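Observations on the three-dimensional arrangement
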Amino acid sequence: MQTYGRQPIVIKSGKGSLVYDIEGREYIDCVAGIAVNNIGHCHPHLVEALKKQAEELIHVSNLYYTEPQAELAGQLVNVTGMDRVFFCNSGTEAVEAAMKLARVTTKKTDFLAVEHSFHGRTMGALSLTYKDMYRAPFKPLVQEEKFVPFNDAQAISDAITANTAAVIVEPIQGEGGINVPSNGYLKEVRKICDENDSLLIFDEVQTGFGRTGAWFCKEHFGVEPDIMTMAKAIGGGFPMGAIAAREGISFGRGEHAATFGGNPLACAAALASIDVIREEDLIRRSKDMGEYFSKELSKLSTEGLVEVRGKGLMIGVQFNRKCADLVEHGRKNGVLLNCTSETVLRIAPPLNITKEQIDRVVNVLEQA
Ligand SMILES: *Cc1c(COP(=O)(O)O)cnc(C)c1O
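Sequence order as written defines residue numbering, which begins from 1 separately in each chain. Selection of residues for local features in this predicted model requires a pLDDT of at least 70, selection of side-chain atom pairs for listing and counting requires 80 or more, and totals for whole chains, interfaces and linings are taken over all residues. Heavy atoms throughout the structure, all of them, feed into the side-chain values; hydrogens and water do not.

1. A short note on the sheet that holds strand β2 (residues 18-21)
- By this definition, two strands are paired if DSSP reports at least two bridges between them. Per the convention used, a helix needs a DSSP run of H or I reaching at least four residues, while a strand needs a run of E reaching at least two, with both numbered from the N terminus. Strand order in the open sheet formed by four strands is β1-β2-β3-β13, and the pairing between neighbours is mixed. Every other strand in the sheet has two partners, leaving β1 (11-15) and β13 (335-336) as the edge strands with one partner each.
- Relative to strand β3 (residues 26-29), β2 is paired through three bridges, and the arrangement is antiparallel. By the bridge assignment for β3, Val19 is matched with Tyr27.
- Docked against the sheet, helix α13 (residues 355-367) engages β2, β3 and β13, running at close to 100 degrees with respect to β3. In this description, contact between two residues means that some pair of their heavy atoms is separated by no more than 4.5 Å. Every axis in this analysis is a line fitted to C-alpha atoms, fitted for helices over the stretch in contact. Angles between the N-to-C directions lie between 0 and 180 degrees.

As structure tokens, then:
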């Protein structure tokens, strides 16, 4: 079923920030599988960990304990600064889990989301995803539209009710166009949630694991959510999702489950990926290379360029026109690009992209 508009190339292999198509053409990957391949393609440590785990045990279900899962739970508590984790298999599943957890914890039913949000495609997550085109054909959803403008705390304060289980927000919006909130926004949202006994959910599916130059984007704003979702980069390309919650917020036995959630192979991938982020200092690299990349991009004289924004290696280049032609120009000149919201070029390469590769990308864009 053709649910994606695809680029007309067949990708065969990858190494670091480069991928190769079946005709042997090389591309610098500024998409990273949609902010997934943060440690680069086929990192030897990840490949080795997957091989080793595959030879030992691939799946047993959560009716038993396994060492990789226990170890990963510990690592995630460590990197998120939160207390409890639940494992699933994708971003949308993480959002579903967060929604269920918010309802069962607060005994309230409603959710408040913001305009231009993206939280996934399953029925619950879809109810919180802004684009009408995604939602309209599938109504009735879990709730009627309840979206308030992004970066407007007063709008949240006005819309929150005694029945709001949670407010959900991406600390930097991804699919919505790499929208960075102003500094005090999330702090104010935190306060409004506390005053109304509503939970605060950060959707860090896209912003997590070093993408923005911090382990998690929440660190930039000094705000702690009650529940946080993770997926995309968590397994270095191996499918996985998770939520983390603070102490006191937890599912009880039988309240939620996932057959594959946290299986040994996925956990081994995530452990290896976290190792690489630490060992190669990729958080700092994301910050430094992100600053360099953004600086170079803002010097571009490309027609229609309005603004370069983002944090770390989560960069949006806003145009005053559609930018699909730039994606095509990039592809024809050895650079994979992606545009989101039609007018924003989203740049999200592996975090170990080199300066020389960044220069090549900027050069290709300059020619455009
Ligand atoms: C991609 C994304 C999701 C959905 O993740 P899937 O793994 O595609 O289901 C949810 N939230 C955010 C912020 C995302 O970027």
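2. Description of the nonpolar core
- Here, nonpolar core refers to any group of buried Ala, Val, Leu, Ile, Met, Phe, Trp, Tyr and Cys residues whose side-chain atoms link them within 4.5 Å. Relative accessibility decides the category of a residue: with a 1.4 Å probe and only protein chains considered, values under 20% of the type maximum give buried, values over 50% give exposed, and everything between is partly exposed. Core analysis: the largest hydrophobic core is formed by 56 residues, its most contacted members being Leu72, Leu76, Phe209, Met230, Phe293, Leu297 and Leu345.
- Of the residues forming this core, the biggest block, nine residues, is contributed by helix α10 (residues 264-279).
- For the domain bounds, the source is a domain assignment made automatically or taken from a database. No fewer than three residues from each of domain 1 (11-30 + 281-367) and domain 2 (44-279) sit in this core.
- Residues Ala165, Ile168, Ile201 and Ile243 belong to the second largest nonpolar core, which totals 25 residues.

3. Here's the deal with the packing of helix α2 (residues 44-56) against α10
- Where α2 meets α10, the closest approach of the two axes is 9 Å, and the angle between their N-to-C directions is 155 degrees. When the interaxial angle is binned, α2 and α10 end up roughly antiparallel. Seen from above, α2 lies across α10 with right-handed handedness. Seen from α2, the contacting residues are His45, Leu46, Ala49, Leu50, Gln53 and Ala54; seen from α10, they are Pro264, Leu265, Ala268, Ala269, Ala272, Asp275 and Val276.
- Gly is put with the polar residues, along with every residue not named as nonpolar or charged; the nonpolar set is Ala, Val, Leu, Ile, Met, Phe, Trp, Tyr, Cys and Pro, and the charged set is Asp, Glu, Lys and Arg. Classifying every residue of the contact of α2 with α10 by side-chain character gives 10 nonpolar, two polar and one charged. To sort the angles, those under 35 degrees are grouped as roughly parallel, those over 145 as roughly antiparallel, those from 65 to 115 as roughly perpendicular, and the leftovers as oblique. A crossing counts as left-handed when the near helix is turned anticlockwise from the far one by less than a right angle, and as right-handed when that turn is clockwise.

4. With respect to the site of the ligand
- When we say a residue is near a molecule or strand, we mean one of its heavy atoms is within 4 Å of it. Neighbouring the ligand are Ser90, Gly91, Thr92, Phe118, His119, Gly120, Glu170, Asp203, Val205, Gln206 and Lys232.
- Here a polar contact means two N or O atoms within 3.5 Å. Within protein one must be a hydrogen donor candidate and the other an acceptor candidate, and residues neighboring in sequence count only if both atoms are side-chain atoms. A distance of 2.8 Å is found between an oxygen atom of the ligand and a backbone nitrogen or oxygen belonging to Thr92.
- Looking at side-chain class alone, the shell around the ligand contains two nonpolar, six polar and three charged residues.

5. A look at the sheet that holds strand β9 (residues 227-230)
- Sheet architecture is open: seven strands sit in the order β4-β10-β9-β8-β7-β5-β6, paired in mixed fashion. Both outer strands of the open sheet, β4 (84-88) and β6 (147-148), are each paired with one neighbouring strand and no more.
- The pairing of strand β8 (residues 199-203) with β9 spans three bridges and is parallel. Paired with Ile201 across the two strands is Ile227, which belongs to β9.
- On the sheet, helix α3 (residues 67-80) packs against β4, β9 and β10 (241-245) and is oriented at approximately 120 degrees with respect to β4.

6. Brief notes about the domain arrangement of the protein
- Assigned domains within the protein: domain 1 (11-30 + 281-367) and domain 2 (44-279).
- Taking only C-alpha atoms, the centre of domain 1 and the centre of domain 2 are 26 Å apart.
- Summed over both partners, the accessible surface that disappears when two parts come together, traced with a 1.4 Å probe, is what is meant by buried area. For the pairing of domain 1 and domain 2, the buried interface totals around 1700 Å² over both sides, and the portion due to carbon and sulfur atoms is 61%.
- Among the residues of domain 1 in contact with domain 2, Ile283, Lys311 and Met314 are the three that bury the most area, contributing 41% of the side total.
- By definition, a salt bridge exists where a carboxyl oxygen of Asp or Glu is found within 4 Å of a side-chain nitrogen of Lys or Arg. At the boundary of domain 1 and domain 2, one finds one salt bridge.
- Between Glu175 and Arg346 there is a salt bridge; the shortest N-O distance is 2.6 Å.
- Connecting domain 1 to domain 2 are 17 residue pairs in polar contact (both at pLDDT 80 or more).

7. Points about the pairing of strand β11 (residues 305-311)
- Bridge count for β11 against strand β12 (residues 314-319) is six bridges, and the pairing is antiparallel. Along β12, the bridge assignment pairs Gly310 with Ile315.
- Between the end of β11 and the start of β12, which pair antiparallel, lie two residues, with Gly312 showing a positive phi angle near 55 degrees.

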